[in-house]
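# A look at the structure
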Amino acid sequence: MKSILLSAVCGLALTSAALAQNVTLKASHQWPGGKGDVRDEMVQIIAKEAAASDTGIEIQVYPGKSLFKPREQWGAMTKGQLDISAFPLDYASGRHPQFSATLMPGLVRNHERAKKLNDSEFMNDIKAIIEEAGVVVLADAWLAGGFVSNEKCITAPETAKGQTLRAAGPAFEQMLVEAGASIQSMPSSEIYTAMQTGVLDGANTSSGSLVSYRIFEQAKCLTAPGDNALWFMYEPILMSKRSYDNLTSEQQDALMAAGEKAEEYFFEEAKALDGKLVEAYEKAGVEVAEMTKEDFDAWLAVAKQSAYKKFSEEVEGGKELIEKALAVE
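About the thresholds
- Residues numbered from 1 in each chain as written.
- Predicted model: local features only at pLDDT ≥ 70, side-chain atom pairs only at ≥ 80, totals over all residues.
- Heavy atoms only, no water.
- Core = buried A, V, L, I, M, F, W, Y, C linked by side-chain atoms within 4.5 Å.
- Buried < 20%, exposed > 50% of the residue type's maximum accessible area, 1.4 Å probe, protein only.
- Helix = DSSP H or I, 4+ residues; strand = E, 2+ residues; numbered from the N terminus.
- Contact = heavy atoms within 4.5 Å.
- Pairing = 2+ DSSP bridges.
- Axes fitted to C-alpha atoms, helices over the stretch in contact; angles between N-to-C directions.
- pLDDT = per-residue confidence, 0-100.
- Salt bridge = Lys/Arg side-chain N within 4 Å of Asp/Glu carboxyl O.
- Parallel < 35°, antiparallel > 145°, perpendicular 65-115°, else oblique.
- Nonpolar A, V, L, I, M, F, W, Y, C, P; charged D, E, K, R; others polar.

### A closer look at the nonpolar core
- Counting residues in hydrophobic clusters, the biggest one holds 59 residues, and the most contacted among them are Trp 74, Phe 122, Trp 142, Leu 176 and Trp 299.
- Looking at which element gives the most residues to this core, the answer is helix H11 (residues 293–314), with eight residues.
- Not counting residues up to four positions away in its chain, the partners in contact with Trp 299 are Ile 154, Thr 155, Ala 156, Pro 157, Ala 160, Met 175, Leu 176, Ala 179, Leu 230 and Met 291.
- Within the second largest apolar cluster, 47 residues are counted, among which are Met 42, Ala 50, Ala 219 and Ala 224.

Below you can see the structure in the form of structure tokens.
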């Protein structure tokens, strides 16, 4: 009888061990699936690399906000209801206002500086808040972006006056209001319809979203990132810490290695996206403009007296975060 019980216990232990070695993870994001959006490609790379690691990981990808709405993904990850997401971090700034620093006007300016920020004290502080909230960073990603309008090109601050615009986060909203614009808040996935129906005159968002959502069909003018990109947003690949902690060390290592591959791919693609953006809009017959250094400096002055000032005064550690970001050369 004892031998039968021992065999049963051993069999159960082996079964549990086998189950622990095989896991199916769910990845969610708001962008269209298939070829065309670099953030979807990043998630697909992680899924492919994880599967090839032979550690028992399968990742099911749910694009196009088919599993969770864009802003719901953060809460779902912190609760362990969602495993992985390509997520614009500023979307969670309502819960963690420090995250607005990752979409602060003029703070990044170009892709090389964005890469340096990843290894800075600034990002160490941001990632500490992310992890404390119950989320892990698998891959860093900064996207440049621009403005679109069906009224007139948005270059110097006075060109935004009187337009109803969508801004991706509080800092840009504060800056645009200071410049005389009106604001409608929404995820980037809703810009097309809002411009089509007259709810918006224009918007700012990433180069990737400006192309993958075909916003060129509703725009008269694009202000491309160019050499003076006012808009940069941190959109990393994140994972629920609950889900991550449930993995074996080998599975964790495999996911981190997959994240590194995705990050390497992304850096080159993100720079190329700006060129693809201009090409897509010119092909659609949309006027393409760029901000001059004078335009950029004028916007930065507006941002410093609105978004920077408010963030420094009202957000815990806000002044220090901005100083640490600006200190990166």
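### Section: the sheet that holds strand S3 (residues 84–86)
- Judged by pairing direction, the sheet is mixed, and its five strands sit side by side in the order S2-S1-S3-S11-S4 without closing on themselves. Edge positions in the open sheet fall to strand S2 (57–62) and strand S4 (135–139), since each of these has one partner strand only. Neighbour-to-neighbour, the strand axes of this sheet turn through a mean angle of 25 degrees, independent of strand direction.
- Of the pairings in the sheet, the one linking strand S1 (residues 23–28) to S3 comprises two bridges and is parallel in character. Across the sheet, residue Ser 28 finds its bridge partner in S3, namely Ser 85.

### With respect to the confidence of the model for the protein
- For the protein, the mean per-residue pLDDT works out to 92, and 94% of the residues sit at or above 70.
- Contacts for the low-pLDDT stretch residues 1–20, under 50 throughout, to residues beyond four places or in other chains number two contacts.

### Examining the environment of Glu 279
- When you line up the elements, Glu 279 lands in helix H10 (residues 249–283).
- A relative accessible area of 55% means that Glu 279 is categorised as exposed.
- Between the alpha carbons of Glu 279 and Val 211 there is a distance of 9.8 Å; along the sequence they are 68 residues apart.

### Some thoughts on the pairing of strand S9 (residues 221–224)
- A two-sided burial pattern is seen for S9, the buried positions comprising Cys 221 and Thr 223 on one face and Leu 222 and Ala 224 on the other.
- For strand S5 (residues 142–149) and S9, the ladder comprises three bridges, and the chain directions are antiparallel. Paired with Ser 149 across the strands is Cys 221, a residue of S9.
- Across four bridges, S9 lies against strand S12 (residues 287–290) in parallel orientation. Note that in S12 the partner of Thr 223 across the bridge is Ala 289.

### Brief notes about the pattern of salt bridges
- Taken as a whole and judged by the stated rule, the model has 14 salt bridges.
- Lys 309 is the salt-bridge partner of Glu 313, the closest N and O atoms lying 3.1 Å from each other. With Glu 313 and Lys 309 both in helix H11 and four residues apart, the pair spans about one turn of that helix.
- With relative accessibility at 56%, the residue Glu 313 sits in the exposed group.
- For Lys 309, a relative accessible area of 43% corresponds to the partly exposed category.
- One network of salt bridges, with partners in common, ties together Asp 37, Arg 39 and Glu 235.

### A short note on the packing of helix H5 (residues 121–132) against helix H12 (residues 318–326)
- It is the contact of H5 with H12, at a shortest axis distance of 7 Å, that shows an interaxial angle of 140 degrees. Relative to H12, the element H5 lies oblique. For the pair formed by H5 and H12, the contact residues are Glu 121, Phe 122, Asp 125 and Ile 126 on the first element and Leu 321, Lys 324 and Ala 325 on the second.
- Looking at the contact of H5 with H12 residue by residue, the classes come out as four nonpolar, no polar and three charged.

### Points about unusual backbone geometry
- Unusually for a residue other than glycine, Asp 54 sits at a positive phi of about 60 degrees.
- Locating Asp 54 in the fold gives a position in the loop between helix H2 (38–52) and S2.
- Here Arg 214, not a glycine, exhibits a phi torsion of approximately 55 degrees, which is positive.
- Within the secondary structure layout, Arg 214 lies in the loop between helix H8 (207–212) and S9.
- Among the residues examined, Arg 214 registers a relative accessible area of 45% and is labelled partly exposed.

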